[in-house]
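Next come the chains, spelled out residue by residue.
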Amino acid sequence: MFPQLTLIFLFSLVVIHPLHVSAKTWCVANTSVAATQLQANIDWACSEGKVDCVKINPGGVCFDPDTVLSHASFVMNDFYQNHGSTEESCNFSGTGQIVTVDPSYGSCVYT
Ligand SMILES: *[C@@H]1O[C@H](CO)[C@@H](O)[C@H](O)[C@H]1NC(C)=O
Ligand SMILES: *[C@@H]1O[C@H](CO)[C@@H](O)[C@H](O)[C@H]1NC(C)=O
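Residues numbered from 1 in each chain as written. Chains lettered and ligands numbered in written order. Predicted model: local features only at pLDDT ≥ 70, side-chain atom pairs only at ≥ 80, totals over all residues. Heavy atoms only, no water.

Digging into the overall build of the chain
Looking only at helices and strands, the chain features three helices and two strands. Reading the chain from its N terminus to its C terminus gives the helix and strand order α-β-α-α-β. The proportion of buried residues among the 111 residues of the chain is 31%. Taking all contacts inside the chain whose residues are at least 6 apart in sequence as the whole, residues at least 24 apart take part in 69%. When the accessible area of the chain is evaluated, it comes to approximately 7,000 Å², of which 62% is carbon and sulfur surface. (Helix = DSSP H or I, 4+ residues; strand = E, 2+ residues; numbered from the N terminus. Buried < 20%, exposed > 50% of the residue type's maximum accessible area, 1.4 Å probe, protein only. Contact = heavy atoms within 4.5 Å. Areas by Shrake-Rupley, 256 points an atom, 1.4 Å probe, with all protein chains shown as cover.)

A word on the site of ligand 2
In the vicinity of ligand 2, the contacting residues are E88, N91, S93 and G94. N91 places a polar side-chain atom, nitrogen or oxygen, 2.5 Å from an oxygen atom of ligand 2. Compared with its free state, where it exposes 370 Å², ligand 2 has 38% of that area covered by protein. Here the residues of the shell around ligand 2 sort into no nonpolar, three polar and one charged. (Near = heavy atom within 4 Å. Polar contact = N/O pair within 3.5 Å; in protein donor to acceptor, adjacent residues only side chain to side chain. Nonpolar A, V, L, I, M, F, W, Y, C, P; charged D, E, K, R; others polar.)

Remarks on the nonpolar core
Taken as a class, soluble globular proteins show a tendency for nonpolar side chains to be buried jointly. Counting 23 residues, the largest nonpolar core has I56 and M76 as the members making the most contacts within it. Of all the secondary structure elements, the ones that give two or more residues to this core are β1 (26-29), α2 (35-47) and α3 (68-81). Leave out the neighbours within four places in its chain, and M76 touches C27, V28, A29, L38, N41, F92, T95 and G96. (Core = buried A, V, L, I, M, F, W, Y, C linked by side-chain atoms within 4.5 Å.)

Let's talk about the site of ligand 1
Neighbouring ligand 1 are the residues N30, S32 and Q97. Computed on the free molecule, ligand 1 has an accessible area of 360 Å², of which 36% lies beneath the protein chains in the complex.

Purely geometric stuff here, so don't read any function into it on its own.
Printed below as a string of structure tokens:
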């Protein structure tokens, strides 16, 4: 009925839409990795003051769920975001993985 409008609509889907798709990525702990390895990531990053660990401590917005996996993911992502979001900065000796879905939940915001 309105071929021009249809064309414009299709054009906008193909060309304009991708420009609005966020290319942002996050770093999380690989769920298959042993908790001891993930705890080592937390200890390393927190002791060096490389990340904000207040949020995963008791009373912090990312304390719950109180699991090594959850805490490690938050810390690893914080490090990743502050170190160029490179593959290397999410490596953690092969224990990290880059994801395209925002892992934030509730008040715990993954930057
Ligand atoms: C997660 O770790 C497992 C076991 O080390 C490995 O086989 C798998 O490839 C890793 N996954 C990613 C996405 O890195
Ligand atoms: C990640 O770490 C593993 C183990 O230390 C290493 O073999 C690999 O080359 C690293 N990958 C990147 C992209 O740095």
